[in-house]
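Single-letter residue listing:
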Amino acid sequence: MTTYPQADSGSFLPHMPDVARCELSLRELNQMWRLIEASAKMNCPAEARLLLPAMVATRTGFAHLEQALVSNLVQEKLRHVLADLGTQARYAIDILVRNLYERTADVGFLATDLALCRFVAGLDDDQQAARQRLADYRDKYTVYDQILLLDTAGRVLVQADPATPVGHSRDPLLAATLAADGYVETFRATDLRPGQPRALVYSHRMAHPDSGAPAGVLCLCFHFEQELDAIFAAYRDPSQRANMLLLDADDRVISSADPLWIPPGARVPTNADGQPRPLMFGGREYLVRTCGAAGYQGYPGPPGWKAQLMAPLELAFRGHGAQALAGVAPELMRGLLAHAQAFSPALHELMGAVTRTTRTIERIVWNGKVTSAANHHADGADGQLNTVLDQITETGQRSDAVFSRAIEDLYQTVLASSLGEAGMTARLLVDLLDRNLYERANDCRWWALSAPLREGLARPSAPGARAMGALLNHINRLYTVYARLVVYDRGGRVVACSGDDAPLGQHIGADTLARVVALRDPLAHHPEPFGPSPFYGGQATYTYHAAIRAPGAGGAVLGGIGIVFDAAPELRNMLLSGVAGRAHLRACFVTPDGRVVAGTDPAHRPGATLALEPGLLAEAANNDGASVTRIVRHDGQYLIAACARAAGYREFRAADGVEQPVLALLLQAFGAAPEAAAPAPRAGVAIERAGDAPDGGPDFAIFHAGGALMALRAAHIQEALPAARVQRTASAAHPARVGMLDVAPAGGGQRCVWVFDLALLVGGRPGVIGDDSQVMLVRHADGVLGLLVDDLHSVRRFDAADLTDSPLSGARAALAPRLIQANQGRLLIEELCVERLLARLRA
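Quick caveat: nothing in here was measured; it's all calculated off a predicted structure.

(A) Structural context of the pairing of strand β26 (residues 751–757). Direction of pairing for strand β25 (residues 737–743) relative to β26: antiparallel, over a ladder of six bridges. Bridging across to β26, Leu741 finds its partner in Val753.

(B) Expanded view of the confidence of the model for the protein chain. Of the residues in the protein chain, 92% have a pLDDT of 70 or more, and the chain-wide mean is 86. Confidence drops under a pLDDT of 50 for residues 1–5, and excluding neighbours within four residues, the segment shows eleven contacts in the predicted structure. pLDDT under 50 marks residues 677–683. Its contacts with residues more than four places away, or in other chains, come to eleven contacts.

(C) Here's a closer look at the state of the cysteines. Going through the model one piece at a time under the given rule, you end up with zero disulfides. No disulfide involves Cys588; its sulfur sits 8.4 Å from the nearest other cysteine sulfur, which is in Cys643.

(D) Examining the sheet that holds strand β23 (residues 717–722) more closely. The six strands are arranged β23-β27-β28-β26-β25-β24 in an open sheet whose pairing can be described as mixed. Each edge of the open sheet is held by one strand with a lone partner, namely β23 and β24 (727–728). Where helix α12 (residues 345–374) meets the sheet, its contacts fall on β23 and β27 (774–780), and the angle it forms with β23 comes to roughly 175°. Helix-sheet contacts for helix α21 (residues 834–842) involve β26, β27 and β28 (783–789), and the interaxial angle to β27 is about 100°.

(E) Up close: the environment of Gln127. Tracing the sequence through the fold places Gln127 in helix α6 (residues 127–140). Gln127 sits 190 residues away from Phe317 along the chain, and the two C-alpha atoms are 59 Å apart. Every residue in contact with Gln127, bar those within four places of it in the chain, is listed here: Phe119, Leu157 and Val158. Looking at Gln127, its side chain comes within polar contact range of the main-chain oxygen of Leu157, at 2.7 Å.

Conventions we followed
- Residues numbered from 1 in each chain as written.
- Predicted model: local features only at pLDDT ≥ 70, side-chain atom pairs only at ≥ 80, totals over all residues.
- Heavy atoms only, no water.
- Pairing = 2+ DSSP bridges.
- Helix = DSSP H or I, 4+ residues; strand = E, 2+ residues; numbered from the N terminus.
- pLDDT = per-residue confidence, 0-100.
- Contact = heavy atoms within 4.5 Å.
- Disulfide = S-S within 2.5 Å.
- Axes fitted to C-alpha atoms, helices over the stretch in contact; angles between N-to-C directions.
- Polar contact = N/O pair within 3.5 Å; in protein donor to acceptor, adjacent residues only side chain to side chain.

Structure below.
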């Protein structure tokens, strides 16, 4: 996850209406807390005196929470938008640079084509044959809209597309190319492409076949605008709230996804370091993310080129995170929330703070009710205190609801960011795969037209076989993505290959050979399904085949060429480029039935089967272009799973049944999932109000301990304090003693109180100290002791008729000799006896 500096929330809050509404609700609640304080001071000052410090502290805590929550909501939404824009920009420039890298390899190889070199050198004057060869090349590598051959003086000898004729060029790129040892990359207006405002041209010097002297120049004109349109369509925000741009080194727009919005040639502000600040352009504020090229295989990309996303500030936050959790099962949500610290520390901290504050309010009310019960007034002052306490309860519940909704919104924003990024990464990976395999399909078809290979199979001889082997080795040195290139005859026997450990004499599989021989024309190819290959050491790979035909038009099939993709490192590098070092993220290519093609996790070996939700892969396999994202449990982990189907690139995969279907799968782990589903929060046990008990009816402080609902006479209770304040001590004096607690007695000063585990005393099993645990301070004749309980419940008055002897026996009945029959006898509450409890402790 990218970390951004903290932004000024005030600059962005007006553009986030949902956060602004939350802030307003929180401010209204703050005013309610102030009104309750004022009401308590006026109506029951004596009783409220002990509660007011806690109320003020709670209100102050809520105010701090309000600021933290609003700030975190703004920061998370801002981070989400910037990350989304940055991901789109990074993927766009990476895809473009990878494509242009292939062009640098193409021009270097085609410039050595023997037939074309002979034509440029004047050793062969068949212009029509040269034009046909260029046209054949362009038919296979459709990324080029023009190919030209020029002599050293700039005269155009032949061009692939005669629709835009060029007779002569005075472009300086010719002299630069003749002087260069490698390719020359040119992007600007050129007389090689008349009528076009600019062209991206890859040029390379061509040498005389005999002397090696410069004989001419090859120019490949990349179909730039068409490629940019495809990238914009694939990686631009589908809602079109943001514009995607390609910029030059001077920050001027080269191409714009929406040229009516931001036109080419405009100079725009950039944000390469991801600062969370609005930038002004054309009188409008934008959020901007800029990504330069990282380079690929040593190719840096055109100097200074970068991709940029610009989202108007008033549109940037609309719809982000909406409905991200709509289809997520409640138990998965609870499970993920348990790992909030891993994927959003801010969310985890806020959840804990809200829970602690809510517990504090419950404890204030419980203590207040205890105080009211212990100081029952005939003048009704305790009734006024109870009214204040009811107001505190109601406002606390409203506060908890508002904070819970806001945290859920924050939670949804965080998950929406992860879901969106995983889905886009899955789409990137299948795009990388298709673009790569597109080049492989082109390569095998083009090399099958090579004259030495056709002549070598037409007239078998030892010198011919050596010439074919030399050509294959030359190609393999230039195209390092291949493990091996093999040429085989009509019987499937390998007669030439690249590499030292040459598998000469081995045979191509019978089914593959039959399919290659049956290919109808030079534009057809046969891809072997991903699987083990004897030409790849038995490892699984892709092998692309094309038929080699006899020299001349319409020649019969003499055999074929098989190009063996170096799948292990190449596919892994593709996947790692998508993962980009992000922790807990695994990626793999799989078939629709879940068989692994390649993966970043060593556990995901080729050929293994992933046991995922069956519907995920099926839905992605039938989803054209879009990714499918879900939150799932897999391998004992809570995961975000994103899956996308390889939908093709240009004409690649355009015909059904030729290429093997492939899916990209992203798995982002959030934390361990227990064997059983995360339990739902404990529902509160409701005690019905059956009307007022008579004045003589006793008041009871009710609480949870050891899994049971228990009660003590309210008159015995001094107050409850959070169990987190207990200082744990090891003591052999009593097995139930868990530690001590510093308390402030009524007369001032400080003293220590021993705390005992009530669950252990009553039920024989030690209690577990959790976030809800409390310590009740219980008065007795000799002082005060502390009882550790699971949670507080309420303070209620019951009629004497509701009390009955306990039918239980043993240690439990010894400490709780009576039961309270609540809810007309449907709910039984165990009443503890303080005297018996003290006797047990003394014993």
